[in-house]
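Next come the chains, spelled out residue by residue.
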Amino acid sequence: MGDQVKITLFRFSSQKTTNGNHHHEELKIAIIGQSNFAAEVLELLLERDHLVVGVFTIADKANREDVLATTARHHRIPVFKFSAWRRKGVPIPEVLEQYRSVGANLNVLPFCSQFIPMEVIDGAGYGSICYHPSILPLHRGASAISWTLIEGDERAGFSIFWADDGLDTGPILLQKQCTVYGEDTLDTLYKRFLYPEGVTAMAEAVDMIAAGNAPKIPQTEIGASYDPALFREENQYINLNQPAVRIFNFIRGLDSVPGALAIVEHEGREIPIRLYGASLSARRNLVGAKTIRLQGATGVAFVTREGMFISGSDGALVRVKRLKRGNRVIPAGQWFEQVDETKVKPLVLSDKEQEQDALLRSIWKSILKVEIETETDFFACGAGSMDVVRLVEEVKETLEVPTISNETLFMAPMYGEFLQEVIQRLRTGGGGDCGRITHFDYKQVVLKANRRQISVPTQLFINGQFVDAEGAKTLPIINPTNEQVICEVASASITNVDDAVRAADEAFRGVWSAVSARERGQLMYKLADLMEQHKEELATIESLDSGAVYTLALKTHVGMSIDAWRYYAGWTDKIEGSTIPVNPARPNHVLTFTRKEPIGVCALITPWNYPLMMLSWKMAACIAAGNTVVIKPAQVCPLTALKFAELTVRAGFPPGVINVVTGTGSLAGQALADHPLVRKLGFTGSTPIGKRIMASCAESNIKKCSMELGGKSPLVIFADCDLEKAVRLGMSSVFFNKGENCIAAGRLFVEDRIHDEFVRKVLKGIRTMKIGDPLDRATAHGPQNHRAHLEKLQEYCAIGLKEGATLVYGGKRVANLEGLFFEPTVFTNVEDHMYIAREESFGPIMVISKFHASDFDAMVARANSTEYGLASGVFTKDIQKALRFVEQVEAGTVFVNTYNKTDVAAPFGGFKQSGFGKDLGKEALNEYLKTKCVTIEY
C-alpha cells in the first residue's frame, strides 16, 4: 500500500469585486528559483494551460545555465538571470525593474536558494507561494529534510505556504505527508516522495488559486522548530557520544549531500571523512575486525570487509558502507587498504585505449567546459544531477560500456579514477560488475581467443584473496585442441587446503551467519547476473581448457550454471521446518517443530566434463542453504572455477564464504576428505574414487556425503517409436559433449525389426558432423578433455574388437588433425558378457545390442544387469510399455521419448554404484541441510 496522503483545505476567495460583479483576473505567473524541481513545475503548469510570463533564476556557473533557464527558453518564456536580488540589504533597482516588467500577479517559488526582497514577494497581486520540504511549523529553515531524519520523525512531508516576511512562517495553502521508512535517507525520501509529489502539489496549488478556493491557514507556533543550516560545515560533524539510533539518523540525514563528517585519528594524522550508507547493525561478533579511532568518540570503531562499525553510547552498532576522503568515495571496508593512497594509480594504455581516453576527455570537456586533467573533479567543476545522467548515457553510447552507472561516477569523481573504471570494464568485454570494479591483485593469464582478451587468475582463492600455493608449486593446463600449455596454475598443498577450510569455518561462524537468507539470495542473483555478463568469456575459457564446443558451452555449460544460481537464489528464504503434532504428557502442552539449518563447511570435488556446470549444480544449493564452501575443481581444467572466484568477489560475497583450491585429487582432494572441520563432501567422479572418498569421510569425522558416480545408462528403442526422433536423440544421448557426459547412453538396446535401419541413419548422421576447433560456431564435435582419457578410449575400442563386437564406424583418433580428437564410434553385435556392454567409456562410443520385443521382462533385466543406475531412456509410442519400463528400470532418471533433458528444478542423481544423494531441484537442498528437532513443554 502506498503512502497515505493527507490534505486539509479551507475556502479562500481569490476573486476581486468591481461594482458588485465577481470575476477572475487571469493568473500571470512568475517562476522564481532553480533546479530540475523548478523546471518540472514549469512544465506541469504549462501543460495545465497556465500563463507563465517570466522565469527568474540564478546566473550561469562556468558558462553553464540552470536547467530552469534552458526549459523556459525552450518554451519561449522570458528568462532573467540574477546573481543576487539585493545589494547590502537593499533591493537592486534594475533587478526590481526587470521583475516588474513582466507584469506578474502570482509568484511561484518551487525551489529558490536566493533571498527574494519583500518588494517582490508582496509585489504580485495574488502574492507568492513557496514549497518547503517539511510539515510546517516543524523544521523551518534550509535543511528541513535532513532534520526530519535526524530527529527521527515518523512522518515526513512538505508544505506549500504563502510567503511573508518571516522564515517559513506564512499561512499554509496545502500539506502532504508520508511515512519515514527505516531505510530512508535524504536522497531516497526526496526522490520517493518530496520531489514527485511536490511537483504535482505545486501545480495543484496554482489550480486552487486560479479556481478561487486556495486556503490561508495560519501557522501555529506550538511545536515550531528552527534548525541549524547544514550547509555550514561546522554543523556537519557527527556527535559520536550518543545512542546508535541517533548516530544512524544523523548520517542518513546527510546522505548523500553533504555527508556526515567525522575525523579519523590514524598514525598521528587527523583525516576528515564523510559517512554514507548507514544502517543499524545487530551484530556483536566482529570476527577479523580491525579497530579505528574516531575523534571525540569514547570507544573505538571497527572495520571489516562489510564496512565500518561505530559503537553508540548504548553499545549498539551502526554500520557504514561508504566513506569519502577528499574527493574520493571508497567502500568503508577498504579503509585500511586505501588510507595511504594519495592519488590515482596511472594506467598503462594501449594505442586503442589512448583513443578511448581522448574520446572520454572530450565528453567531460563538452559537459564541464574546462580543460580536463587527471585530477579534474566532476562535481567540483559545478556539475549537477543532469550532467551525471548526460555523462553516463554518452559513455554508454559512445564507448559501448553498458554497465557504467551514476554510482560509478559518485565513487570515482576524478577523471583519472573514472577513466580507470571505464578501461577496466572495456578490458573485460564491457561487462563490468553491476557497479564499482573491484581492483584485484593477482597473477593471471590473458587468453587471446574468440576475438577476446580474457584475464584469468592462476592462483588459489582463499579467504577472498588470490594466493600462491605453498612453495609456489604449479601444474600445467593443456589446451586439448592443440595440446599446447595454456598456463601454469597453483597446486595446493595440505597446508593450503587447511587454510581454505579454516577460512570457510571462520566465515561460517562469523560474517556469513549474519547475512540474512534474503540477502544471501540477493548476492546469488548478483553473481548470476555477473555470470550472464561474462558468459561469452566463461564459455571461451571452457572451450580452451576442457575442449567443449563453444556453442554448447554457451548454452549448457554456462547457461545452465546461470540457471542454477538463479533457481537456488529463489530458494534461500523458503527453506523452512515444520510443526509436528505429538502426544503431550497431560495436563501439560507440548510444541514440537523442526529447523532446517546449514551444515557448516562443505567440500566439493568436481569433474572435468562440465567444469563450471558441476561447480554450479552443487555450490548453488550449498550456498543457498547457508553453508560456506571449499571446492577443488578438476586438475586438468580449473580455469572457469578461478574466473568464477573472481566474479564472487565482484558480486560482494564476504571473504571465506567461497574458496577454490586447485591441484591434484590425491593431495588436495584427499586433504578435503580427511579434514575434521569439513562436515559435508559432495563428489562427482568415478565410482572407484568415490569409494575411496567415502572411506576417508567415514574414518575422519563421519562426514555427510553425496556421490554422483559412474554410469552405464541403458536406452531402449522399440520399433513403434518415432524413428527419426529416436535416431536424432539417440545420437545426442551418446555424442553430446563428445561423449563426456555422466548420463550418456552407455548401451543402446534397439529392437531387431528396426536395428539395421537405425544403424544406417546413425552412420549417415555421423558423416555430417563437423569435427574440429571447438570455437568454430559450426563445430559439432570437439577434442576429448585430456590425453590420458583419449588413450583409455583407444584401449576401450581395442577390447571391444578383441571380444567380437562389430566396429562399424570410428574407433580411432581423427586423422590429419592435431589435438585430442576421437572419431564418433559405433559398435554393433554387442553381447551382454562383453566388457564394452558392462563398463562406461565416457566418450563418443555408441554400443548397440539387439532385442526381441516378445519378452519385455527379459529386455528390462538386460538393461538392469549393471552395477550402475544413473539414468535410462525408452522410445516408444505405447504408453503402457513406457510406464512399465519406468516402473522396472533401476535408474535415478528415466527419459521417455527424449534424452538429456535436464532442468535445474528437476532432481538428478543415481542408484546402486552410481551413487546417492541429489543435485538440482528442491531435493538437493537437503544434501546441504541438517534437521534440528525442538520440543517445548508449557
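Only a predicted model underlies this, so the values are computations on that prediction, with no experimental measurement involved. (Residues numbered from 1 in each chain as written. Predicted model: local features only at pLDDT ≥ 70, side-chain atom pairs only at ≥ 80, totals over all residues. Heavy atoms only, no water.)

1. Some thoughts on the state of the cysteines
So, point 1. Taken as a whole and assessed by the stated rule, the structure comprises 0 disulfides.
So, point 2. With no disulfide of its own, C112 lies 8.1 Å from the sulfur of C130, the closest cysteine sulfur.
So, point 3. With relative accessibility at 23%, the residue C112 sits in the partly exposed group.
So, point 4. Of all cysteine sulfurs, the one in C487 lies closest to C637, which takes part in no disulfide; the gap is 12 Å. (Disulfide = S-S within 2.5 Å. Buried < 20%, exposed > 50% of the residue type's maximum accessible area, 1.4 Å probe, protein only.)

2. A short note on the UniProt feature "active site" (unreviewed entry) in the chain
So, point 1. Under the UniProt annotation, "active site" (unreviewed entry) lies at H132, E708 and C742. Of the residues just listed, which span 611 residues, the most distant C-alpha pair is 67.9 Å apart, and they do not cluster in one region.
So, point 2. With respect to the helices, strands and loops of the structure, H132 is situated in strand 9 (residues 128-132).
So, point 3. Those residues within four positions of H132 in sequence are excluded, and the remaining contacts are H139, R140, G141, A144, F158, S159, F161 and D168.
So, point 4. On the secondary structure map, E708 appears in strand 31 (residues 704-708).
So, point 5. The class for E708 is buried, based on a relative accessible area of 4%. (UniProt positions renumbered as here; feature names shortened; annotations may be inferred. Helix = DSSP H or I, 4+ residues; strand = E, 2+ residues; numbered from the N terminus. Contact = heavy atoms within 4.5 Å.)

3. A look at the sheet that holds strand 39 (residues 893-896)
So, point 1. With respect to topology, 7 strands assemble into an open sheet ordered 34-35-36-33-32-38-39, the strand pairing being mixed. Edge positions in the sheet fall to strand 34 (806-809) and strand 39, since each has one partner strand and no second. Between one strand axis and the next, the sheet turns by 20 degrees as a mean value, whatever way the strands run.
So, point 2. Pairing of strand 38 (residues 871-875) with strand 39, which is carried by 4 bridges, proceeds in the parallel orientation. Paired with S872 across the strands is V894, a residue of strand 39.
So, point 3. Docked against the sheet, helix 21 (residues 723-735) engages strand 32 (713-717), strand 33 (745-751), strand 35 (825-828), strand 36 (845-851) and strand 38, running at close to 130 degrees with respect to strand 36. (Pairing = 2+ DSSP bridges. Axes fitted to C-alpha atoms, helices over the stretch in contact; angles between N-to-C directions.)

4. Digging into the UniProt feature "binding site: (6R)-10-formyltetrahydrofolate" (unreviewed entry) in the chain
So, point 1. Cross-referencing UniProt, the feature "binding site: (6R)-10-formyltetrahydrofolate" (unreviewed entry) maps to Q114, F115, I116 and D168 in the present numbering. The greatest C-alpha distance among the residues just named is 14.0 Å, despite their covering 55 residues of sequence, which places them together in space.
So, point 2. Mapped onto the secondary structure, Q114 falls in the loop between strand 8 (106-109) and helix 4 (118-121).
So, point 3. Aside from chain neighbours lying at most four places away, what touches Q114 is T57, I58, F82, S83, A84 and W85.
So, point 4. Among the polar contacts listed, one links the side chain of Q114 to the backbone oxygen of F82, at a separation of 2.8 Å.
So, point 5. Structurally, the position occupied by D168 is in the loop between strand 10 (155-162) and strand 11 (172-179).
So, point 6. Residue class for D168 comes out buried when judged on its relative accessible area of 12%.
So, point 7. Within the structure, D168 has its side chain in polar contact with the side chain of H132 (distance 3.5 Å). (Polar contact = N/O pair within 3.5 Å; in protein donor to acceptor, adjacent residues only side chain to side chain.)

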